[in-house]
Amino acid sequence: MAATLLQARDESTRWHFMMLLAASLAVVVVMSLLLIDSASPGAVGLRAQHLLLVWLIVGGIGAAGAIAWRTSQSAAAVLERSREEAAILRRHLATSEAVIKAEPQVLIYWAEGQGLRIIANSLATVAGLPRSEPELLRFGRWLEPVSADDLKQGLDRLFADARPFNILIKTTAGGYLEADGRAAGARAVLRLRDVAGHKRDLVRILDQHRQLERDIRSSRALLDALPMPVWLRGPTGRIEWINQAYVKAVDATDEAQVRSRQIELLESHQRYELDRLSSTSVRRIDEQQSGQVGSQRLPLIVGGERRTHNVLVLPMDGATAAAAIDVTALERAELELARLSAANDQTLNRVATGVAIFSRDQKLTFFNDAYRSLWQFDGAWLESAPSDGEILDRLRENSQLPAIVDYRPWKAKLLAVYKTGAEFEDWWHLPDGRTIHIVAEQRNDGGVSYLFDDETERFALESRYNALIDVQRETLDSLNEGVAVFGTDGRLKLFNSSFVQIWKLSRRMLAEMPHIDEIIRHASSLYDDPRIWLRITQAATALPDERAPIDGQMERPDQSVVDFAVTPLPDGATLVTFADVTDAKQYERALLERNEALIAADRLKSQFISHVSYELRTPLTNIIGFSELLGTPRTGLLNDKQREYLGDISGSSKTLLSIIDDILDLATIDAGGLELKLGNVDVRAVIDAAILGIRDRAGRARLTIDIAIADDAQAFVGDESRVRQVLYNLLSNAVGFSRMDDTIHLSCWREDRMVTFTIEDQGVGIPKEQQARIFQRFESQSHGSKHRGVGLGLSVVKSLVELHGGDMSLNSEPGRGTRITVRFPERGVRLEAVPLAEVIEAAPLRA
């Protein structure tokens, strides 16, 4: 190809030279003729100059032609040498192509700035190797991920550092290739060749090794993640590997500790049994040439708890693998299954349907009392497990089968359920007038279950039922509720007179059983709300598994109120009812208005009580202060009568102040503004402080207070002042209802992270019918005692205990006393206090 180009270039040069020479001569001749023709007698010297110039040009052109001819000769010599070099290159190229094509391979060439380029692609015997060159360069699509990653790393090193590589790679279709990368200067070559002989074997071995290594890692990871203990023993009997469940089961810190100390999960006698089981399995392996896993159920101590495990042992090449599967739940389930099976048998014995269960070989395995009574069989004969065919023959002998022309085909058809598995159902009309419904169905174990229902009475009931249908229809027609039944196709099936009157519909139109959409179109003149009608339509025409009952209320423009309800019926139909509740709605509105008025009155009462309580507190505090001042010697001496009157004033004032404080506490609690000041409450100190408040009253009544505090009940988190108030109110209540010389028991202990206080008296007790109201406000009953309060103490106690997150209970019997128990959380409850402004707004006060 190079020689052809050189030859063409040489001929072109010669042609151009000849054309140039001819043109030059033509120019010279023309100019000479022009000069000769234009000569004049006065310009002879000028023409001589012009001729001389022309011949000089001719001489220059001739010299140029000589030079050009010499250049052409040189170019011809160069062309001849180029032809010889091109021939040598062609021979070298043919040799290189022969060498490259001598071996099936894929040769990929890379040069800087050119990218990857495929030089040769003659490899077609490797599975999964693409034939298309663009697809061939997308290594990640036809190589396995590991091989693609290895090839990418090799190419990166080859391109970056000119580091050669030789690796074995695998295609996604399972073919193997040898990838060889080499660098030469700024160029690189990747060669892909098929592997054969020992290299192919080596590739397969490496692939199998990689797969086995991955399988071992995944198996170890899986075994380590199992919740059951798994361990491996070496040929010497030592533990060589365990999973994390084993470490946890033996309460060890890590796997190394178990292996170094050889911590055993099994006891010595259990290991002996497993060793014997393992040796038996080894003999079986030797005899049968197949491994068998030995299994034994053993009780093991795991995590400090004795549980039943199924220990599996697998001998392998002198070593032993074992696993302990917790089957406690399975053992319980088996016991439960046995219990349920017994209960099921007992239940089947109580049903009225005759049940008979036959095994796979057609032997009777179970029957209930209803089955025996239905056919009047002898129980001992049934216990002998007769076959299904024998029972049919016995029924035929006793004339307890329907009249059958050809008995043998009929019997074969009935017994075919054992083979076909198809459910068999039939009705037997017996000679004695009974009608028996029989259903035979194959069981999962290959046996058959028979169900025999005596439907004689049902048919009699159906006849009576049909006789009552007309009566029921008349009953529906007399109802005040409008009733309409729509079928599965949305068309009207049944309606009554109230339905016609409520929606003012035409009976003639309804008698044609129109679709629900047509009925709604007529009823929309009285109530036009598309959303409600759409709900009713969707509920009446939805698919059976999507139907759901709905209800609602319609307030029509004519001031009437209609309640509606849509109920799906079992047969796929839909019942729609309409009830005119206009009068009831008016009564309801009146009751709601009255209830709102009562709520407002109750709120006003609470505000009034709170206001009055705050107004009484200031003068009452002054009375108490002045009475205490009058009792001091600085104001003068008092006689006994005056001192008695002054004590009565002080006592009554303090009692009234306590009542006012209780009212204010309840008002604050109702407003949500009572804030608990949580802190460490000393149980003994708070009990002593509460008893100090009722000591004088208890002393006057000669009461004994028995205090019992558990050792672990020392302190808890709470509001000490409110806890003292709770205990004081309970003790005060117990003192008030106790008789002379009685004993009041106060106990405290810790239970379920709660601190429990119990105050028990031996007083008159509380009747059962009054215990539910005892915690209500202003609920006060003397119950035959001299104590009479305003009925706020227990209400305040209940509110304060609940604010702490605790609870309160009461146990009382008339004549035997009362026991009240309060429980406070051990760690207290964090409460967010309501701002004071909201408290004032809820209960307005006057300073």
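Residues numbered from 1 in each chain as written. Predicted model: local features only at pLDDT ≥ 70, side-chain atom pairs only at ≥ 80, totals over all residues. Heavy atoms only, no water.

Before going further, it helps to spend a moment on the overall build of the chain. Along the backbone of the chain there are 27 helices and 27 strands. In the structure as shown, the chain presents an accessible area of about 51,300 Å², 54% of it carried by carbon and sulfur atoms. (Helix = DSSP H or I, 4+ residues; strand = E, 2+ residues; numbered from the N terminus. Areas by Shrake-Rupley, 256 points an atom, 1.4 Å probe, with all protein chains shown as cover.)

Across all of its chains, the model carries 21 aromatic pairs by this definition. Between Trp110 and Phe159 the ring centres are 4.6 Å apart and the planes differ by 25°, which places this aromatic pair in the stacked class. Within this pair, whereas Trp110 is found in strand β1 (residues 105-111), its partner Phe159 is found in helix α5 (residues 145-161), the two being separated by 49 residues in sequence. Centre to centre, the rings of Tyr527 and Trp533 are 6.4 Å apart; their planes meet at 65°, and the pair counts as edge-to-face. A relative accessible area of 6% places Trp533 in the buried class. Joined through ring pairs, the aromatic side chains of Phe358, Tyr371, Trp375, Phe377, Trp381, Tyr407, Trp410, Trp428, Tyr450 and Phe452 make up one cluster. Seen from the ring of Tyr407, Arg396 lies directly overhead, with NZ or CZ sitting 4.2 Å from the centre. The ring centre of Phe459 lies 5.0 Å from the NZ or CZ of Arg458, which sits over that ring. (Phe/Tyr/Trp six-rings, centres within 6.5 Å; stacked < 30°, edge-to-face > 60°. Buried < 20%, exposed > 50% of the residue type's maximum accessible area, 1.4 Å probe, protein only. Lys NZ or Arg CZ within 6 Å of the ring centre and 35° of its normal.)

Helix length check: helix α16 (residues 456-477) (22 residues) gives 32 Å between terminal C-alpha atoms against 32 Å at 1.5 Å per residue, within 8%. Helix geometry: α16 is bent most strongly at Leu468, by close to 35°. (Expected span 1.5 Å × (residues − 1). Bend = angle between axes of the 7 residues up to and from the residue.)

Burial analysis of strand β25 (residues 754-760) places 6 of its 7 residues in the buried class, the great majority of the element. Counting the residues between successive antiparallel strands, the hairpin from strand β24 (residues 743-751) to β25 contains 2 residues, one of them, Asp752, with a positive phi of roughly 50°. (Pairing = 2+ DSSP bridges.)

Let us look at the pattern of salt bridges. Any two side chains of opposite charge can pair, so long as their charged atoms come close to each other. Counted by the stated rule, this structure contains 24 salt bridges. Among the ionic pairs, Lys411 bridges to Asp393, the shortest N-O distance being 3.3 Å. Remark: Asp393 occurs in helix α13 (residues 388-397) and Lys411 occurs in helix α14 (residues 407-415); sequence separation between them is 18 residues. Residue class for Lys411 comes out buried when judged on its relative accessible area of 18%. For Glu802, the salt bridge identified is with Lys798, shortest N-O distance 2.5 Å. (Salt bridge = Lys/Arg side-chain N within 4 Å of Asp/Glu carboxyl O.)

Once that is clear, we can look at a nonpolar patch on the surface. Taken together, the side chains of Val293, Leu314 and Met316 define a hydrophobic patch exposed on the protein surface, amounting to about 230 Å² of accessible area. Relative to the elements of secondary structure, Leu314 occurs in strand β9 (residues 305-316). (Patch = residues over 30% accessible without salt bridge, like charges linked within 9 Å, V, L, I, M, F, W, Y side chains within 5 Å.)

With phi around 55°, Ala162 is a residue other than glycine that occupies positive phi space. Within the element layout of this structure, Ala162 appears in the loop between α5 and β3 (165-170). Ala162 gets classed as partly exposed once you look at its relative accessible area, which sits at 42%. Phi is positive for Gln376, close to 55°, though the residue is something other than glycine. By secondary structure assignment, the location of Gln376 is in the loop between α11 (369-375) and α12 (379-383).

As a further point, take the nonpolar core. Among the nonpolar cores identified, the biggest contains 37 residues, and Ile687, Leu730 and Phe757 are the most heavily contacted of them. Within the residue set of this core, elements represented by two or more residues are α23 (683-700), α24 (720-737), β24, β25, α26 (793-803) and β27 (817-825). Residues contacting Leu730, with those up to four places away along its chain left out, are Ile759, Leu794, Val797, Met808, Ile820 and Val822. (Core = buried A, V, L, I, M, F, W, Y, C linked by side-chain atoms within 4.5 Å. Contact = heavy atoms within 4.5 Å.)

Attention now goes to the packing of helix α19 (residues 516-523) against helix α20 (residues 530-541). Interhelical geometry of α19 versus α20 gives an angle of 160° and a closest axis separation of 11 Å. Relative to α20, the element α19 is oriented roughly antiparallel. The hand of the α19/α20 crossing is right-handed. Judged by residue contacts, Ile516, Asp517, Ile520 and Ala523 of α19 engage Trp533, Ile536, Thr537, Ala540 and Thr541 from α20. Of the residues that constitute the contact of α19 with α20, the class distribution is 6 nonpolar, 2 polar and 1 charged. (Axes fitted to C-alpha atoms, helices over the stretch in contact; angles between N-to-C directions. Parallel < 35°, antiparallel > 145°, perpendicular 65-115°, else oblique. Left-handed = near helix turned anticlockwise from the far one by under 90°. Nonpolar A, V, L, I, M, F, W, Y, C, P; charged D, E, K, R; others polar.)

Next up on the list: the sheet that holds strand β26 (residues 807-813). Taking strand neighbours across the sheet as the criterion, the 5 strands line up as β22-β24-β25-β27-β26 in an open arrangement whose pairing is mixed. Edge strands, defined here as strands with exactly one partner in the open sheet, are β22 (704-709) and β26. The average angle at which neighbouring strand axes cross in this sheet is 15°, direction not considered. The sheet strands contacting α23 are β22, β24 and β25, and the helix crosses β22 at an angle near 175°. Packed onto the sheet, α24 meets β24, β25, β26 and β27 and runs at close to 20° relative to β25.

As a further point, take the sheet that holds strand β8 (residues 294-302). If you trace the 5 strands from one edge of the open sheet to the other, you get β7-β6-β10-β9-β8, paired in antiparallel fashion. Pairing within the sheet leaves two strands with one partner each, and these edge strands are β7 (239-242) and β8. Here the strands of the sheet are splayed against their neighbours by 25° on average, with no regard to which way each runs.

Of all residues in the chain, 78% attain a pLDDT of 70 or more, and the chain-wide mean is 77. Across residues 1-6, confidence stays below pLDDT 50; counting only partners more than four residues off in sequence or on other chains, it has 8 contacts. Counted against residues more than four places away or in other chains, residues 830-847, with its pLDDT under 50, gives 21 contacts. (pLDDT = per-residue confidence, 0-100.)

As a further point, take α24. Given a rise of 1.5 Å per residue, 18 residues ought to cover 26 Å, and the 26 Å separating the end C-alpha atoms of α24 matches this to within 8%. With 14 of 18 residues buried, α24 lies mostly within the body of the structure.

This brings us to the side chain of Gln400. Considering the arrangement of structural elements, one finds Gln400 in the loop between α13 and α14. In this structure the side chain of Gln400 is engaged in a polar contact, spanning 3.4 Å, whose partner is the backbone oxygen of Trp375. Not counting the four nearest positions on each side in its chain, Gln400 is found in contact with Trp375, Leu395, Leu430 and Arg434. (Polar contact = N/O pair within 3.5 Å; in protein donor to acceptor, adjacent residues only side chain to side chain.)

So, on to the pairing of strand β13 (residues 424-429). Here β13 runs beside strand β14 (residues 435-442); their pairing, made up of 6 bridges, is antiparallel. What sits directly across from Asp426, in β14, is Ile438.

Across the interface, α13 lies against α14 with an axial gap of 11 Å and an inter-helix angle of 140°. Considering their axes alone, α13 and α14 lie oblique with respect to each other. The handedness of the crossing between α13 and α14 is right-handed. Residue-level contacts link Asp388, Gly389, Leu392, Asp393 and Arg396 of α13 to Tyr407, Lys411, Leu414 and Leu415 of α14.

So, about the environment of Ile707. Position of Ile707 among the secondary structure elements: in strand β22. Here the alpha-carbon distance between Ile707 and Ile687, two residues 20 residues apart in the chain, equals 8.9 Å. Ignoring sequence-local partners within four residues, the contact set of Ile707 consists of Ile687, Ile691 and Leu746.

The subject of this paragraph is the environment of Ile532. The topology assignment puts Ile532 in helix α20. A residue is classified by how much of its surface remains accessible, and Ile532, at 13% relative accessible area, is buried. For the pair formed by Ile532 and Met554, sequence separation is 22 residues and the distance between their alpha carbons is 8.3 Å. Once residues within four sequence positions are removed from consideration, Ile532 is found in contact with Tyr527, Met554 and Phe564.

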